[in-house]
There are 2 protein chains.
Amino acid sequence: MGFSKDNLTGFILALLSSGFIGASFIIKKKGLRRAAAASGVRAGMGGHAYLLEPLWWFGMITMIVGEVANFVAYAFAPAVLVTPLGALSIIVSAVLAHFILKEKLHKLGILGCVMCIAGSVIIVIHAPQERSISSIQEIVNMATQPAFLLYVGSVMVLVFILIFYFAPQYGHTNVLIFTGICSLMGSLSVMSVKALGTALKLTFEGRNQLIYLETWFFMFVVATCVITQMNYLNKALDTFNTAIVSPIYYVLFTTLTIVASIIMFKDWDGQSAGSIISEICGFIVVLSGTILLHVTKDFERSSSFRGNYTPLSPTLSTRLCSGNGESLKHDVEEGPSSEEIGYFKFTLDDVTIC
Amino acid sequence: MGFSKDNLTGFILALLSSGFIGASFIIKKKGLRRAAAASGVRAGMGGHAYLLEPLWWFGMITMIVGEVANFVAYAFAPAVLVTPLGALSIIVSAVLAHFILKEKLHKLGILGCVMCIAGSVIIVIHAPQERSISSIQEIVNMATQPAFLLYVGSVMVLVFILIFYFAPQYGHTNVLIFTGICSLMGSLSVMSVKALGTALKLTFEGRNQLIYLETWFFMFVVATCVITQMNYLNKALDTFNTAIVSPIYYVLFTTLTIVASIIMFKDWDGQSAGSIISEICGFIVVLSGTILLHVTKDFERSSSFRGNYTPLSPTLSTRLCSGNGESLKHDVEEGPSSEEIGYFKFTLDDVTIC
């Protein structure tokens, strides 16, 4: 398998990240339940009791730790390896929900978990080596190669067309508009996060990169991309049902990120055809597993709804930030939705505690 | 990928086999429908009009061609490669049913197809090379090595216990008894078929193996194993619903066959750990895809039933050879069930035309 030390570090960090993020949803949900039981008012109904619940805050901290691990993982291993492993957080949360929250996992959901694991193993086995980068200038060189500039240009043009032409007309009827915008921006976010992460890693290793203007430029790019991505993700979730947005977003975001990484970091250079095809197949398997988990989670939700909760209007559950503190999302869903997988998982929660 | 010429031949034959077998179900079903329309009596209701329908016979021939291709494939490529590719016939038949018979494929069924293909590609990429065998004596040496004798011994003991102790008591309540017997025998069938196929291949190449007693011994083993396997498969299908028997049988049969092949032909010798793990993952993916296709085919069947057919008693559809010529199976099902995948697909149809 010939795993380099850096790849291994990135791989372990990505696994830890998925574990923390997957667990954080369960801990937070347990906190919400406990707060609801104590105060008699559910967060979805406008209660804020969860803010006094230590368990909820513990879940919040778990999630932040997971996000940081994910950020650092990008500095060590190729995005082609780190990004798809984000799917494992759904498994962690689905399995924990089954055992801790006693939420029954659908049999096809188990199949989805098995597929995500099998696909991830295939990806890990065939993952390319991370190139060793010694300065921010090297990253700038990579980012300014014609192929990647073409990619960035195409993404910008597409995003502008989507925002200014399609969004006003079809944004509220076609789920692909808002989801497409945040996926396109997401791929640029991850690339800039990787650049920034590498720069910070070099700085910690003693080669200070903060003296270069380029490092600060990447920081600016990260902020811009993340804010745009966050904004349109919330619009998508505000307009459409999470169960529809999540798988589409996961597929688009992960695919575009991998494409961007292959162009910018030339991840596939020097890899055999067999390895590349295996990676693509592994990726398809992870995507299929994720879709299966999401679709069947929906099966369960509709039934667990009837059993455990007072029925809510279905339109309520499609809205993310309904202005009553904690979003309904946390009450309604069984685990992390895919939009919380990958690097920008925190976005949703930043919004929901507004 | 370093595919040897023999592996490639076996791979192409396995693909052709799946194509023919998958198509044969659709052709036969079209024949049955046409015969029913012409005579006004459906096969499931006791009609024999399909025997006069050329299309039905054309489907039958297509299937035999597919079976022969499958048999020959085993002579060229390792069972680890040929056996899992049998799953592709379900895809062929599901896709053809969608376009030709206008039977709607469930969305999760499409996901199942994608997984079967992705898993197959991974298996093909990492498949071991077929060892070149120059005489039947070599096969005898492989079959008499301690590890394989231990496997055969264990299988025989298990089969005897299942047949004489468990089958009379639990055979009609536990689906694993009959299915287990035919899967265990199935793994020995494939091994002996491979031995016989290799001997015939050598004979055609000019090195006559028919002069050796061993070749005739393998022929006897093939006959014994196939008859036992066929017998218990029919018992399983006669007792339980096809939708339950099929995926269990496919998983058990394919897994045991691969285990047997690894022990007897040492398929994994000289392969890297990465390749072996990839193969296992690819195999898990194909299995998951097959299960998904079967489960969702069931979703569709229950709904298409209401639309296209007069409702039948559900107990009728669980019986294979109900004594009225053509089995109900062909009317009720959308495609080949898994028990018809792999080498012994013909068994069912031999029975149904009894």
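The model shown is predicted, which means the values in this text are computed figures rather than measured ones. (Residues numbered from 1 in each chain as written. Chains lettered and ligands numbered in written order. Predicted model: local features only at pLDDT ≥ 70, side-chain atom pairs only at ≥ 80, totals over all residues. Heavy atoms only, no water.)

J.: Describe the packing of helix H1 (residues 5–39) of chain B against helix H2 (residues 54–76) of chain B, with residues and values.
T.: A pair of packed helices is characterised by two quantities: the angle between their axes and the separation of those axes. All names here are of chain B. With their axes 7 Å apart at the nearest point, H1 and H2 run at an angle of 160° to one another. Comparing their axes, H2 and H1 come out roughly antiparallel. Seen along the crossing, H1 lies across H2 with a hand that is left-handed. Here the contact of H1 with H2 is composed, by residue class, of 16 nonpolar, 10 polar and five charged. (Axes fitted to C-alpha atoms, helices over the stretch in contact; angles between N-to-C directions. Helix = DSSP H or I, 4+ residues; strand = E, 2+ residues; numbered from the N terminus. Parallel < 35°, antiparallel > 145°, perpendicular 65-115°, else oblique. Left-handed = near helix turned anticlockwise from the far one by under 90°. Nonpolar A, V, L, I, M, F, W, Y, C, P; charged D, E, K, R; others polar.)

J.: For the relation of the copies chain B and chain A, give the residues involved together with the corresponding values.
T.: Between chain B and chain A, which share one sequence, the superposing operator has a rotation angle of 180° and an axial displacement of 0.0 Å; the RMSD is 0.0 Å. Between the two chains, the operation in question is that of a two-fold axis. Residue Val285(B) of chain B places its C-alpha closer to the rotation axis than any other residue of that unit, at 3.7 Å. Most of the interface of chain B is mirrored in chain A, where 100% of its interface residues again form contacts. (Least-squares fit on C-alpha atoms with pLDDT ≥ 70 in both. Contact = heavy atoms within 4.5 Å.)

J.: Describe the pattern of salt bridges, and please don't skip the residues or the numbers.
T.: Residue and element names in this part refer to chain A. Per the counting criterion, the structure on display carries six salt bridges over all chains. The closest approach of N and O atoms between Lys201 and Asp6, which form a salt bridge, is 3.3 Å. With Lys201 in helix H8 (residues 175–204) and Asp6 in helix H1 (residues 5–39), the pair connects residues that are 195 residues apart, well separated along the chain. (Salt bridge = Lys/Arg side-chain N within 4 Å of Asp/Glu carboxyl O.)

J.: Could you give an account of the packing of helix H6 (residues 136–143) of chain A against helix H9 (residues 213–239) of chain A, with specific residues and numbers?
T.: All names here are of chain A. Direction vectors running N to C along H6 and H9 enclose 55°, while the axes themselves pass 9 Å from each other. Considering their axes alone, H6 and H9 lie oblique with respect to each other. Of the two possible hands of crossing, H6 and H9 adopt the one that is left-handed. Here H6 contributes Ile136, Gln137, Ile139 and Val140 to the contact with H9, which in turn contributes Glu214, Thr215 and Phe218. Considering only residue class, the contact of H6 with H9 consists of four nonpolar, two polar and one charged.

J.: Requested: an account of the side chain of Thr198(A), with residues and values cited.
T.: Of note, Thr198(A) is situated in helix H8. Ignoring any residue separated from it by four or fewer positions in sequence, one finds Thr198(A) in contact with Ala75(A), Ile133(A) and Ile139(A).

J.: Would you mind going over the interface of chain B and chain A in detail, with residue names and values included?
T.: Between chain B and chain A, the residue contacts involve 21 residues of the former and 21 residues of the latter. Note on chain B versus chain A: buried area summed over both sides is about 1700 Å², and carbon and sulfur give 91% of it. Run the count over chain B and chain A and you get one residue pair in polar contact (both at pLDDT 80 or more). Per element, the largest residue contribution to the side of chain B that touches chain A is 11 residues, and it comes from helix H11 (residues 273–308) of chain B. Its residues assigned to classes, the side of chain B that touches chain A shows 16 nonpolar, five polar and no charged. (Buried area = accessible area lost by both parts, 1.4 Å probe. Polar contact = N/O pair within 3.5 Å; in protein donor to acceptor, adjacent residues only side chain to side chain.)

J.: Go over the packing of aromatic side chains, please, and point to the residues and values.
T.: One pass over the structure, following the stated rule, counts 16 aromatic pairs over all chains. Looking at Lys194(A), its charged tip hangs above the ring of Phe265(A), at a distance of 5.2 Å from the centre. (Phe/Tyr/Trp six-rings, centres within 6.5 Å; stacked < 30°, edge-to-face > 60°. Lys NZ or Arg CZ within 6 Å of the ring centre and 35° of its normal.)

J.: Describe in detail helix H4 (residues 88–99) of chain A, supporting the description with residues and values.
T.: Over its 12 residues, H4(A) extends 17 Å from the first C-alpha to the last, a length consistent with the 16 Å expected when each residue adds 1.5 Å. If you check which residues of H4(A) are buried, you get Leu88(A), Ser89(A), Ile90(A), Ile91(A), Ser93(A), Ala94(A) and Ala97(A). (Expected span 1.5 Å × (residues − 1). Buried < 20%, exposed > 50% of the residue type's maximum accessible area, 1.4 Å probe, protein only.)

J.: Quick rundown of the state of the cysteines? Include the residues and the values.
T.: Evaluated as defined, the whole model comprises zero disulfides over all chains. Of the cysteine sulfurs around Cys281(A), a residue in no disulfide, the closest is that of Cys281(B), at 12 Å. Of all cysteine sulfurs, the one in Cys116(B) lies closest to Cys113(B), which takes part in no disulfide; the gap is 6.6 Å. (Disulfide = S-S within 2.5 Å.)

J.: An account of the nonpolar core is requested, with residue identities and associated values reported.
T.: Counting residues in hydrophobic clusters, the biggest one holds 75 residues, and the most contacted among them are Leu81(A), Met191(A) and Met264(A). With 14 residues, the single largest contributor to this core is H8(A). Here Met191(A) is in contact with Ala79(A), Phe148(A), Thr257(A), Ala260(A), Ser261(A), Met264(A) and Phe265(A), once residues within four sequence places are set aside. Phe76(B), Leu81(B), Leu88(B) and Leu237(B) belong to the second-largest nonpolar core, a separate cluster that totals 73 residues. (Core = buried A, V, L, I, M, F, W, Y, C linked by side-chain atoms within 4.5 Å.)

J.: Before we move on, can you summarise helix H9 (residues 213–239) of chain B with the specific residues and values?
T.: With 27 residues, H9(B) should cover 39 Å at 1.5 Å per step; its first-to-last C-alpha distance of 39 Å lies within 8% of that length. Turning to H9(B), its buried residues number three or more, namely Thr215(B), Phe218(B), Val222(B), Cys225(B), Val226(B), Thr228(B), Gln229(B), Tyr232(B), Leu233(B), Asn234(B), Ala236(B) and Leu237(B).

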